[in-house]
Structure formats: C-alpha cells, structure tokens
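Survey of secondary and tertiary structure
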Amino acid sequence: MQITEITVRTFRYTSYVGRDSEGHGHPAAPNEALTSLLTIGTDTGIEGYAFGGIAPGVLETLVKPVLVGQDPFYREWIWQRLKERQRLNMGSLNDKVLALVDVALWDLAGRAVGQPVYKLLGAYRDKVPAYASTMCGDDLEGGLDSPEAYARFAVQCSERGYPAFKLHTWQPPIPGAPDVKRDIAACAAVREALGPDVPLMLDPYHYYSREEALYLGRELEKLGYAWMEEPMDEHSMSSYVWLAQQLDLPICGPETVEGKMYARAEWIRYEAADIVRGGIGDLGGITPLVKVAHLAESFGMRMEVHGGGAANLHVLCAMGIPGQFYERGLLHPFVDYETPQPWLSEIDDPMDDEGYVHVSQRPGLGWDIQFDYIEENLVSSH
Ligand code: XYH
Ligand code: MG
C-alpha cells in the first residue's frame, strides 16, 4: 500500500461558540464557522481522516514530500521525519500539524484492517469514566458568572451522570479576572454542592505568580481537590518544582508547553508534577501520546489526557495505567454538547448514565463521516 495523495477540504458550519480575545471559547449566537477534513489517500482506495487543516504551502513543501510514496503503516518513520523537519520550520510545521497527519494515518490503518485504533494499540478497556470539564468563566446571567452558577452547573452535571468535575474559572478579558479568591469561592461552592467525595479539579488562569499558585493549592487542599493544573506559565518548570515541593495537592502537567515527550520526561525527572498530562494536540499525535503514557507508567505515575475527541479516547482505552479520566467538554449550561456536528452521524464520546464514555467499535477512529454535508458546504480544497 502506498500513500498517493493528501487533501484538505474546508467547509462551513453553524457554530454556537465564540472565541474571546485570548482564544477561550464561550457560548455565542449562531455564527458561521469553518473547519477542515484532512484526507490521506492510497493506491488501494483506502483513506484515513483527521479533522483540521494544513495550509497549502506547508502541505506541499513539508508534509507531502515525506508521505507521498510511503507505506502508510510506517507511522513511526513518518512521525520521526516530520518531527525532525520541525527544527527549522516550527512556525508552520507545528505539533498540531503532526497530530493531524498521525491521527489520519492511525485512522487509515484501522480502516485498512477493519479494527478500531484502540485494538491496534493493544486494548485495555472499552469505556472510560469522564469528568465534566467546564468552559472558562464568563459574565453571562445564568451562565458561569458566579460561584453559585458553577455550583448549580456541577449539580446538573452530576445528575447527568458525571463522576467528577473540573472548573476552568474566570480568565481575562472577563472583568475582574484573574482573581484567586474568586477562583477559590467557586471551588468551595462546587465542593459544598457535590459533597466531600466527588473528585474535583481546578484549571485556573495560566499565568498566576508562585505565591498566587501556592495560595490556590493550599486552599484546594482544605477542600479536598484531586488535582490542580496549569496555574503558572509552564515554561517555568522550576516554578512547578517549587510549587510541587510545597503542596500535598497533586499538580497535573505539563499541558501546553512545547517539547512533546521530552518536556514531560524533564518534568518527571525534576518532579515538577505529580500527574503527567498531554493530549494528541499538545504532543503531535497518537504516536507520541502513547510514548508519554508508557513513560508515565515507567515512573509509576498516572497520566491525565488533555482534551476529548476520538483520538484521545482511543489512547485512553489502550492505557494500562489506572485511574485516568476522559476530559469531556468543554461544557456550559448554554451549550448543547450531546448533539453531533452535522458532518458526523454521532458524537465521538457518547456517555452513559454512570458517566462512562464508550469508544467506537467501528474501524479506525470510528468516524461515520457525512461526506454529502461536507461537499454541500465546501468552501475550498487543496
Ligand atoms: O481554555 O484555557 C482554556 C483551557 O485551558 C483549555 O484550553 C483546555 O481545554 C484545558 O486546559 N483543558 O484542561
Ligand atoms: Mg487544562
């Protein structure tokens, strides 16, 4: 089998989410948005898919020269070649591009052999407990505009079946943010509402000072929280070493710092975090995410995968480390999370009443793609 073509189709859809000036998502009036489908085609007619786009220049000059003509089952070889090309092309060949290519190659492999990806990785389970991961706080009446609003939404999520809950609290440009005392007020309200035994986590403003992060950590210890993630700039690993040394509360990270599995090896080596973190978008695909899972396991550490979606879910179903959650979200009282996007027949992460997300048994990553919708709403292709 040989890779013969790689295409990107960009198409329109109606979104109910808007982005603030910092890029955080919030509920919004219906608005036209664009997304893309990457397709890797082969000489056998079998294709692999990933949702996202690669700019034409990057695709032509940096991606196709590595992939076209290659056996698509040589995923490790392809991933290593693309990673090496990043050194002088990081502005364009970023980890998100590597992730798209790698995910599409894993999807292709599953479709070729008629198996879901988690079984190609070495299945461990078919379902994963989820936590409700909120959108960042806002100033919308009835939204996530107060500690009481978070508490109300936490109860709603608990009644839906979620066994755990993570707050993303208020971030700039929301007025009054960032504010550690307001963050803790929201965390305390949620603990009060859900009782003492529900696993709760905080993911606050990502640029607090050491002192502010320490204050948050000590208050979360009093509230019995399960972990805190990314309270400071993750480029300062020494700040996390300092923080982790002073807290019993587990610190979960890194999430967004560059460096793939190498950065996580250094965070583990220097004890900057107690729980390892990363997702396919942060690391550059399924291939490196599995590397990090095995790295964490080798140090007796848990790993909490960043973000939802089919690719992260398939890796979670092939991880032998106990105790991971699936991050389901980002959720909000005003946002309908359960209805699939019009280009898929079902959502990636159906959750039962006990709060378990079930992985698809369809080949590849399980997407039943509605190609008619994509063609009818096509904006461009390259
Ligand atoms: O919107 O800043 C944010 C969140 O941090 C989001 O990017 C991400 O989903 C996350 O942190 N998940 O844990
Ligand atoms: Mg996070």
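Here the structure is shown first, and the text comes after it.
Residues numbered from 1 in each chain as written. Chains lettered and ligands numbered in written order. Predicted model: local features only at pLDDT ≥ 70, side-chain atom pairs only at ≥ 80, totals over all residues. Heavy atoms only, no water.

**Some points on the site of ligand 1**
Heads up, the condition is: A cutoff of 4 Å decides nearness: a residue is near a molecule or strand if any of its heavy atoms lies inside that distance of it. Definition of a polar contact: a pair of N or O atoms within 3.5 Å, with one able to donate and the other able to accept a hydrogen when the atoms are protein atoms, and with sequence-neighbouring residues admitted only if both atoms are side-chain atoms. With residues, only the protein chains shown are counted as cover, and all accessible areas are computed by Shrake-Rupley using a 1.4 Å probe. Here a strand is any run of E in DSSP of at least two residues, a helix any run of H or I of at least four, and the numbering for each starts at the N terminus. Each residue gets one label: Ala, Val, Leu, Ile, Met, Phe, Trp, Tyr, Cys and Pro are nonpolar, Asp, Glu, Lys and Arg are charged, and the others, such as Gly, are polar.
Around ligand 1 sit H24, C136, K166, H168, D203, H206, E229, E255, R277, H306, E327 and L330, and those are all the residues in its vicinity. Side-chain polar atom of D203 to an oxygen atom of ligand 1: 2.8 Å apart, as the coordinates give it. Measuring from a nitrogen atom of ligand 1, one finds a side-chain N or O atom of H306 at 3.5 Å. For ligand 1, whose accessible area on its own is 320 Å², the fraction buried by protein is 81%. Sorting the residues of the shell around ligand 1 by element identifies β5 (165–168) and β11 (326–331) as the ones contributing at least two each. Grouping the constituent residues of the shell around ligand 1 by class yields two nonpolar, four polar and six charged.

**A closer look at the pattern of salt bridges**
Our working rule: When a carboxyl oxygen of Asp or Glu is within 4 Å of a side-chain nitrogen of Lys or Arg, the pair counts as a salt bridge. For each residue, the accessible area found with a 1.4 Å probe, counting protein chains only, is set against the maximum for its type, and the residue is called buried under 20%, exposed over 50%, and partly exposed in between.
Evaluation of the coordinates by the stated rule reveals 19 salt bridges. Close ionic contact of R111 with D107 constitutes a salt bridge, the shortest N to O distance being 2.7 Å. Remark: D107 and R111 occur in helix α3 (residues 95–113); sequence separation between them is four residues, near one turn of the helix. A relative accessible area of 0% places D107 in the buried class. Of the charged contacts, one joins K222 and E219 as a salt bridge, the two residues approaching to 2.7 Å between their closest N and O atoms. Linking K222 with E219, this pair stays in helix α7 (residues 210–222), spanning three residues, or about one helical turn. Overall, K222 belongs to the exposed group, its relative accessible area being 64%. Of the residues examined, E219 reaches a relative accessible area of 18% and is grouped as buried.

**Here's the deal with the coordination of the magnesium ion (ligand 2)**
Defined as follows: Donors, by definition, are the N, O and S atoms found within 2.8 Å of a metal, the threshold being 3.2 Å for Na, K and Ca, and water is not counted, so a site can look incomplete.
For the magnesium ion (ligand 2), every protein donor is listed as D203 (OD), E229 (OE) and E255 (OE), and the spread of their distances is 2.0 to 2.2 Å. Here the donor residues of the magnesium ion (ligand 2) are spaced in sequence according to D-x25-E-x25-E. Residue D203 is located in strand β6 (residues 200–203), and its partner E255 is located in the loop between β8 (251–252) and α9 (260–269); the two are separated by 52 residues in the primary sequence.

**A look at the environment of L167**
Quick note on the threshold: Contacts are assigned to residue pairs that have any heavy atoms within 4.5 Å of one another.
Relative to the elements of secondary structure, L167 occurs in strand β5. In this structure the C-alpha to C-alpha distance between L167 and V97, which are 70 residues apart in sequence, comes to 29 Å. Not counting the four nearest positions on each side in its chain, L167 is found in contact with T134, Y150, A186, C187, V190, M201, L202, D203 and Y225.

**Digging into a nonpolar patch on the surface**
The test is simple: Only residues above 30% relative accessible area that lack a salt bridge enter a patch, with like-charged residues linked at up to 9 Å and the nonpolar side chains Val, Leu, Ile, Met, Phe, Trp and Tyr linked at up to 5 Å.
On the surface, M1, F73, Y74, W77, V113 and L120 cluster together into a nonpolar patch covering about 530 Å² of accessible area. Among the structural elements, F73 can be located in the loop between α1 (56–67) and α2 (75–85). According to the relative accessible area criterion, F73 is partly exposed, its value standing at 36%.

**Some details on the nonpolar core**
Our working definition: Here, the term nonpolar core denotes a set of buried Ala, Val, Leu, Ile, Met, Phe, Trp, Tyr and Cys residues that are joined through side-chain atoms within 4.5 Å. Each domain's limits were defined by an automated method or a database of domain assignments.
Ranked by size, the top nonpolar core spans 109 residues in total, and within it L67, F165, I286 and M303 carry the most contacts. Top contributing element to this core by residue count: α3, with nine residues. Counting only domains with at least three residues in this core, you end up with domain 1 (3–114 + 369–381) and domain 2 (119–358). In contact with I286, other than residues within four places in its own chain, are D102, V103, W106, V117, L121, I280, A311, V315 and L365. Membership of the second largest hydrophobic core comes to seven residues, among which are Y131, M201, W227 and C252.

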